[in-house]
Amino acid sequence: MIRKAVIPAAGLGTRFLPATKSMPKEMLPIIDRPIIQFVIEEAIISGIEDIIIITGRGKRAIEDYFDDSPELENHLFQSEKYELLREVKDVSSLVDLHYIRQKEPKGLGDAVLKAEKHVGDEPFAVLLGDDIIKSEVPCIKQLMNLFDKYNKSIIAVEEVAKEKISDYGIIKEKEIEDSIYLIEDIIEKPSLDEAPSNVGTIGRYVLTPEIFDCIKETPQGKGNEIQLTDAIKMLMEKEDIYAYAFKGERYDAGDKFGYVKAIVDFALWRDDLKDDVRRYLEESVSKGQ
Ligand code: UTP
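Note that the coordinates shown come from a computational prediction; the quantities given were computed from them, not determined experimentally.

Thresholds, definitions, all that
Residues numbered from 1 in each chain as written. Predicted model: local features only at pLDDT ≥ 70, side-chain atom pairs only at ≥ 80, totals over all residues. Heavy atoms only, no water. Near = heavy atom within 4 Å. Polar contact = N/O pair within 3.5 Å; in protein donor to acceptor, adjacent residues only side chain to side chain. Areas by Shrake-Rupley, 256 points an atom, 1.4 Å probe, with all protein chains shown as cover. Nonpolar A, V, L, I, M, F, W, Y, C, P; charged D, E, K, R; others polar. Buried < 20%, exposed > 50% of the residue type's maximum accessible area, 1.4 Å probe, protein only. Helix = DSSP H or I, 4+ residues; strand = E, 2+ residues; numbered from the N terminus. Pairing = 2+ DSSP bridges. Phe/Tyr/Trp six-rings, centres within 6.5 Å; stacked < 30°, edge-to-face > 60°. Lys NZ or Arg CZ within 6 Å of the ring centre and 35° of its normal. Contact = heavy atoms within 4.5 Å. Core = buried A, V, L, I, M, F, W, Y, C linked by side-chain atoms within 4.5 Å.

*Asks:* Talk me through the site of the ligand; I want residue IDs and the actual numbers.
*Replies:* Thr 14, Arg 15, Gln 102, Gly 107 and Asp 130 are the nearest of the 17 residues found near the ligand. One nitrogen or oxygen atom from the main chain of Gly 11 is found 2.9 Å from an oxygen atom belonging to the ligand. Relative to its unbound accessible area of 560 Å², the ligand is 87% covered by the protein chains. Among the residues forming the shell around the ligand, the class breakdown is 7 nonpolar, 5 polar and 5 charged.

See below:
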């Protein structure tokens, strides 16, 4: 049973500079909700009870966002904006959040290791804010269900375009059941020649606590960072790790084009926006803009 989730949010967000100079990329909004809220909601709907957010310098906006804001709430109450007041209050009462600092952004593996004491000796989920996933069953719940069945670490994967392979952790896989694979190798950001397949890991994992010892032994890898992928490769030598081609649609919100796609699609799903946005997109395209 998975009860705890780690959400690493201490990266520098260089792909969104200069915006991320003074704001965390996890707080970039998809219309009126920051990216990290989608991720936290996914964890909560999946039954996670305890969320650990790994933060770093300049990330206070995340803590403030999920905290109570009495002045704002009072203002909304006085001005009778009750619907907005409910939304604002809902955010701060979502779930108990815990924050742990990663002093320096030494890599995703290092960020996950910071949660070791809090997670303890039990399997746990990892969700990255870079990925927003729209699916009937939340993506992390899909992995949690498979963990219950197999009792193995399991990672969400999808096929990635050739030109994007060197941005991902790529696996060599052996299918054991429909959409479920045994990982035979995993390489962080390989070149096209090195890549054993076009199947890449996305930002959803369920890991056994043995990963912590592997991270401790993992040297710096690509980008001089301690890579979670390298630690997973080490864990793979000790125990089976599975990959799952999850069901759903993923938006890579850590990438500029992926972020734009997420905003457009989420607008097209919203009753309050879809008609205007559709009309506007059609007009824009027909004008050749
Ligand atoms: P990324 O490499 O995608 O995030 O890491 P980044 O470094 O913030 O973004 P770019 O690539 O420079 O634009 C994936 C996830 O791991 C977290 C990030 O916050 C992101 O959610 N991370 C990364 C950490 O928490 N600590 C780190 O040292 C590195």
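*Asks:* Give a description of the pairing of strand β10 (residues 180-188) that names residues and reports values.
*Replies:* Successive side chains on a regular strand alternate, one facing one side of the sheet and the next facing the other. In terms of burial, β10 is a largely internal element, 7 of the 9 residues being buried. Two elements, strand β9 (residues 169-177) and β10, share 8 bridges in a ladder whose sense is antiparallel. Across the sheet, residue Lys 174 finds its bridge partner in β10, namely Leu 182. Hairpin connection from β9 to β10: 2 residues lie between these consecutive antiparallel strands, with Ser 179 at a positive phi of about 70°. Here 3 bridges tie β10 to strand β12 (residues 241-245), and the two strands are oriented antiparallel to one another. Within β12, the residue paired with Ile 180 across the bridge is Tyr 244.

*Asks:* How would you summarise the packing of aromatic side chains if you had to cite specific residues and measurements?
*Replies:* Counted under the stated rule, the structure contains 9 aromatic pairs. Between the aromatic rings of Phe 38 and Phe 266, the centroid separation amounts to 5.2 Å while the plane-to-plane angle is 75°, which identifies the pairing as edge-to-face. Of this pair, Phe 38 sits in helix α1 (residues 35-45) while Phe 266 sits in helix α10 (residues 256-269), and the two are 228 residues apart along the sequence. Its relative accessible area of 18% is what places Phe 38 among the buried residues. With a relative accessible area of 14%, Phe 266 lands in the buried category. Above the face of the Trp 269 ring, Lys 134 is positioned so that its terminal group lies 4.0 Å from the ring centre.

*Asks:* I'd like a rundown of the environment of Pro 34, residues and numbers included.
*Replies:* Note on placement: Pro 34 falls in strand β3 (residues 33-34). Linking Pro 34 and Ile 62, residues 28 residues apart in sequence, is a C-alpha distance of 9.3 Å. Apart from residues no more than four positions distant in its own chain, Pro 34 is found in contact with Glu 26, Met 27, Leu 28, Pro 29 and Tyr 65.

*Asks:* Can you lay out the nonpolar core for me, pointing to particular residues and giving the numbers?
*Replies:* In terms of nonpolar packing, the biggest core is built from 34 residues, with Ile 36 and Ile 53 touching the most fellow members. When residues in this core are grouped by element, the largest group, 7 residues, is from helix α7 (residues 139-150). Beyond its immediate chain neighbours, meaning those up to four positions away, Ile 36 contacts Ile 7, Ala 9, Glu 26, Met 27, Ile 53, Ile 62 and Phe 66.

In short, shape yes, function no, at least from these values alone.
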